[in-house]
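# Chain and residue survey
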Amino acid sequence: MSSPAAQRFVERVNDRTVVIGIVGLGYVGIPLALAALRQGFRVIGFDIDQNRVDQLNAGRSAIKHIPMDLIIEGVKDKRFEASTDFDRMAEPDALLIAVPTPLTKYREPDLSYVVRTTEAIGRRLRKDQLVVLESTTYPGTTDEVMRPILEKATGLKSGEEFFLAFSPEREDPGNPDFGTSTIPKVVGGDGAAALEMSMALYGALVVRAVPVSSTATAEAVKLTENIFRAVNIALVNELKVVYAAMGIDVWEVIDAAKTKPFGFMPFYPGPGLGGHCIPIDPFYLTWKAREYDIATRFIELAGEINSRMPYRVVADLAQLLDTKGRKNLSDARILVMGIAYKKNIDDMRESPSLKLIELIEKRGAHVEFHDPFIPVIPPTREHADLTGRKSVSVSRESLASFDAVLIATDHDDVDYASLVAHSKLVIDTRNACARAGVSADNVFKA
Ligand SMILES: NC(=O)c1ccc[n+]([C@@H]2O[C@H](COP(=O)([O-])OP(=O)(O)OC[C@H]3O[C@@H](n4cnc5c(N)ncnc54)[C@H](O)[C@@H]3O)[C@@H](O)[C@H]2O)c1
């Protein structure tokens, strides 16, 4: 039997009078706001970053691939506003949290953003509000970390006086086929009423809401999806090395294998893992598993293989320069093509290109980079020295001045035929040239 509060909430979702608050206006929060606006809801976005808030209120975004039309329209007709004033967190009926969940420098879960946000909500939470965590995290976060903070701060009881849920974000930035509203969303509630409310809300926002039995299960679903990717990418990275030694092209193998209509799913090798999810999330589970004295060997092995990839690429680069370019890496000028962690986006968090630049420079070479999406390298914790380095323009003359071009990201917006025609040596870690139909004697896969 559903609670009166849940029933009221569901009715208000149906007539679109529920106000949605989104905490954390980044790669996940902004598309979520767009999905809510598209469905006719009023949205208040919260962020600690005044600059980001001002940009959004002015109809601009720091994230290139996200179209701003709905935000502009929403600001105009007062259905969207962004704010740093957390006292307004009592206004929305539902607060959806999409703040960062990185690793600490000791590679352990850094829940400080989630905790700070939960504390901020705890100071303002009112009766009957729904709070949903969307940030990727280990099983138990919603129940063991958030619930006690909210209950202690408010004196209210989860499941009766306020409602708490977890619904993992599955955003895939730059994916032309799937966006927030066309990707089904898994939902786990702290109790039946929280589940009912979140199912109604996400059912209105996305193509399909999928209920699971608990918040911990929903947290585990997200980690499972990303661990699946990390392990499979490690597998093809390992196969790439084995097959290369045998003179077999792993991309040709995968493209042929994927013609099997069942039981095979293609994953592609690369210069290492990047992005905010795959290199990080699996270690949330590894950390939590230790509490149960259980080792996560597949995850650790995948991490080991994937984190060795940039070193292998640099070894291949040195060898190819030596044998094909008659040049020592220490005297060479290298152009790294692409520093985004994947193609066609401007996100370079955890990008293997930064590691590649660092490793190649350590060998004494001179390195420049070109990325049509990232004109300047922003500050990063692990590669602070690279902050402020600028993308160089690519021309016939500039290409000829490099001893080798290392393709690290396969952006579509690159003329690979011209790149190959005017470069001395091209080392392709993404199979980008072949995919663009370009083959030549100076192109090598690594
Ligand atoms: N980027 C993706 O493709 C993706 C996909 C699936 C899941 N996720 C997960 O979603 C979560 C958010 O990731 P993201 O990529 O959107 O991060 P992001 O860094 O792009 O955005 C996070 C935003 O939160 C803001 N923020 C930080 N602390 C805050 C606080 N205390 N209160 C309010 N705002 C605060 C930041 O200023 C920033 O604007 C992470 O857990 C991530 O693992 C991301």
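Think of each chain on its own: its residues are numbered from 1, step by step along the sequence as written. Local features in a predicted model are, by the rule used here, given only for residues with pLDDT of at least 70; side-chain atom pairs are given and counted only at 80 or more, and totals for whole chains, interfaces and linings are based on all residues. Just so you know, side-chain values use all the structure's heavy atoms and leave hydrogens and water out.

### A word on the overall build of the protein
- Secondary structure follows DSSP: runs of H or I at least 4 residues long count as helices, runs of E at least 2 residues long count as strands, and numbering of each begins at the N terminus. Along the backbone of the protein there are 15 helices and 13 strands.
- Restricting the calculation to C-alpha atoms gives the radius of gyration, and the globule rule supplies 2.2 Å times the number of residues raised to the power 0.38. Over its C-alpha atoms the protein spans a radius of gyration of 24 Å, differing by no more than 12% from the 22 Å that the globule rule assigns to 446 residues.
- Oriented by its inertia axes, the alpha-carbon framework of the protein measures out at about 75 × 50 × 40 Å.
- Each residue gets one of three labels from its accessible area relative to the maximum for its type: buried under 20%, exposed over 50%, partly exposed in between, using a 1.4 Å probe on protein chains only. The burial tally for the protein puts 51% of its 446 residues in the buried class.
- Within the protein, residue pairs in contact and separated by at least 24 positions form 68% of the contacts whose partners lie at least 6 positions apart.
- For the protein, the computed accessible surface area is about 20,000 Å², with 53% contributed by carbon and sulfur atoms.
- If you average the places of the 53 positive and of the 60 negative side-chain charges in the protein, the two averages end up 2 Å apart. Every residue pair with non-hydrogen atoms within 4.5 Å of one another is taken to be in contact. For every accessible area listed, the method is Shrake-Rupley and the probe measures 1.4 Å; residues are considered covered only by the protein chains on display. Asp and Glu are treated as the negative residues and Lys and Arg as the positive ones, with His and the ends of the chain left uncounted. Positions of charges follow a simple convention, taking NZ of Lys, CZ of Arg, CG of Asp or CD of Glu.

### Comments concerning the sheet that holds strand E7 (residues 185-189)
- Here, strands pair whenever DSSP counts at least two bridges between them. A sheet is described by the order of its strands in space; here eight strands give the open sequence E3-E2-E1-E4-E5-E6-E7-E8, paired in mixed fashion. In the strand order of this sheet, the two ends are held by strand E3 (80-83) and strand E8 (209-212), each with one partner. Along the sheet, successive strands turn relative to each other by an average axial angle of 25°, direction set aside.
- The sheet contact formed by strand E1 (residues 19-23) and strand E2 (residues 42-46) spans five bridges and is parallel. Bridge pairing in E2 places Val 23 opposite Phe 46.
- To get an axis, fit a line to the C-alpha atoms, keeping to the stretch in contact for a helix; angles then go from 0 to 180 degrees between the N-to-C directions. The strands touched by helix H5 (residues 112-122) within the sheet are E1, strand E4 (94-97) and strand E5 (130-133), with E4 carrying the most contacts at an inclination of about 165°.

### Re the pairing of E8
- Where E7 lies against E8, four bridges are found, and the strand directions are parallel. Along E8, the bridge assignment pairs Gly 188 with Val 212.
- By convention a crossover is right-handed if, when the strands point away from the viewer, the path from the first strand over the helix to the second runs clockwise. With helix H7 (residues 192-205) bridging E7 and its parallel neighbour E8, the resulting β-α-β unit is right-handed.

### A short note on the site of the ligand
- Summary of the distance rule: residues count as near a molecule or strand when at least one heavy atom falls within 4 Å of that molecule or strand. Around the ligand there are 26 residues in total, and Tyr 27, Val 28, Asp 47, Thr 101 and Arg 349 lie nearest to it.
- Polar contacts, as counted here, are pairs of nitrogen or oxygen atoms within 3.5 Å of one another; within protein the pair requires one atom able to donate a hydrogen and one able to accept it, and residues that are adjacent in sequence qualify only if both atoms are side-chain atoms. Tyr 27 places a polar main-chain atom, nitrogen or oxygen, 3.0 Å from an oxygen atom of the ligand.
- Within the side chain of Arg 349, an N or O atom sits 3.0 Å from an oxygen atom of the ligand.
- Isolated, the ligand exposes 830 Å² of accessible area, and the fraction of that covered by the protein chains is 93%.
- Asp, Glu, Lys and Arg are counted as charged, while Ala, Val, Leu, Ile, Met, Phe, Trp, Tyr, Cys and Pro are counted as nonpolar; the rest, among them Gly, fall into the polar class. Classifying every residue of the shell around the ligand by side-chain character gives twelve nonpolar, seven polar and seven charged.

### Observations regarding the domain arrangement of the protein
- Domain parsing of the protein yields domain 1 (4-213) and domain 2 (229-445).
- Opposite the 24 residues of domain 1 that make contact, domain 2 presents 22 residues.
- Accessible area, probed at 1.4 Å, shrinks when two parts are joined; the buried area is that loss added up over both. Approximately 1,800 Å² of surface area, both sides summed, lies buried where domain 1 meets domain 2, with 52% of it carried by carbon and sulfur atoms.
- The largest contributions to the domain 1 side of the interface with domain 2 come from Tyr 27, Lys 64 and Leu 103, which together make up 29% of the buried area.
- By definition here, a salt bridge exists when the distance from a side-chain nitrogen of Lys or Arg to a carboxyl oxygen of Asp or Glu is within 4 Å. Here domain 1 is connected to domain 2 by two salt bridges. Per the annotation, domain bounds derive from an automatic or database assignment of domains.

### Section: a nonpolar patch on the surface
- Each patch is built from salt-bridge-free residues with over 30% relative accessible area, joining like charges within 9 Å and nonpolar side chains (Val, Leu, Ile, Met, Phe, Trp, Tyr) within 5 Å. A contiguous nonpolar surface patch, about 310 Å² in accessible area, is contributed by Val 242, Met 246, Ile 248 and Val 253.
- Looking at where Met 246 falls in the secondary structure, it is placed in the loop between helix H8 (215-245) and helix H9 (250-257).
- Taking relative accessible area as the criterion, Met 246 reaches 55% and is therefore assigned exposed.

### Some words on the packing of aromatic side chains
- Any pair of Phe, Tyr and Trp rings, taking the six-membered ring for Trp, is counted once the centres come within 6.5 Å. Such a pair is stacked with planes under 30 degrees apart, edge-to-face with planes over 60 apart, and tilted for the rest. Using the criterion set out here, one finds four aromatic pairs in the structure.
- Consider the rings of Tyr 138 and Trp 287, whose centres lie 5.0 Å apart with planes at 40°: the pair is tilted. Residue Tyr 138 is found in the loop between E5 and helix H6 (141-154), and its partner Trp 287 is found in helix H10 (residues 282-290); the two are separated by 149 residues along the sequence.
- For Trp 287, a relative accessible area of 28% translates into the label partly exposed.
- Here Phe 228 and Phe 267 contribute two aromatic rings whose centre-to-centre distance is 5.6 Å and whose plane-to-plane angle is 70°, an arrangement assigned as edge-to-face. In this pair, Phe 228 sits in helix H8 while Phe 267 sits in the loop between H9 and H10, placing the two residues 39 residues apart along the sequence.
- Three or more aromatic residues joined by ring pairs make a cluster, and in this case those are Tyr 138, Tyr 284 and Trp 287.
- The side chain of Arg 308 reaches across the aromatic face of Tyr 311, ending 4.2 Å from its centre.
- A cation over an aromatic ring shows up here: Arg 333 above the ring of Phe 402, its NZ or CZ 4.7 Å from the ring centre. In this scheme, the term charge over a ring applies when either NZ of a lysine or CZ of an arginine sits within 6 Å of the ring centre and within 35 degrees of the ring normal.

### A word on the pairing of E5
- Alternating residues of E5 divide into Leu 130 and Val 132 and Val 131 and Leu 133, and every residue in both groups is buried.
- Strand direction decides the pairing type here: E4 and E5, joined by four bridges, are parallel. Within the sheet, the bridge partner assigned to Ala 94 lies in E5 and is Leu 130.
- For the crossover from E4 across H5 to E5, the handedness is right-handed.
- Both E5 and strand E6 (residues 163-166) contribute to a ladder of four bridges, which runs parallel. Directly across from Val 131, in E6, lies its bridge partner Leu 164.

### Some words on helix H1 (residues 4-14)
- Among all positions in H1, only Ala 5, Ala 6, Phe 9, Val 10 and Val 13 are buried. Buried residues along H1 cover an arc of 135° about the axis, so they all sit on one side. Residues of H1 that are exposed and point over 90 degrees away from its buried face: Pro 4 and Asn 14.
- Contacts from the buried residues of H1 go to E4, E5, E6 and H7.
- One or two positions beyond H1, positive phi appears at Arg 16, with a value near 65°. Read the arc as the range of directions from the helix axis to the C-beta atoms.

### Things to note about unusual backbone geometry
- A positive phi angle is found at Asp 128, which is not glycine, with a value near 75°.
- Its location among the elements puts Asp 128 in the loop between H5 and E5.
- Note on Asp 128: relative accessible area 22%, which makes it partly exposed.
- At Asn 431, a position not held by glycine, the phi torsion is positive, near 65°.
- Take Asn 431: it is sitting in the loop between strand E12 (426-428) and helix H15 (432-435).
- The class for Asn 431 is buried, based on a relative accessible area of 4%.

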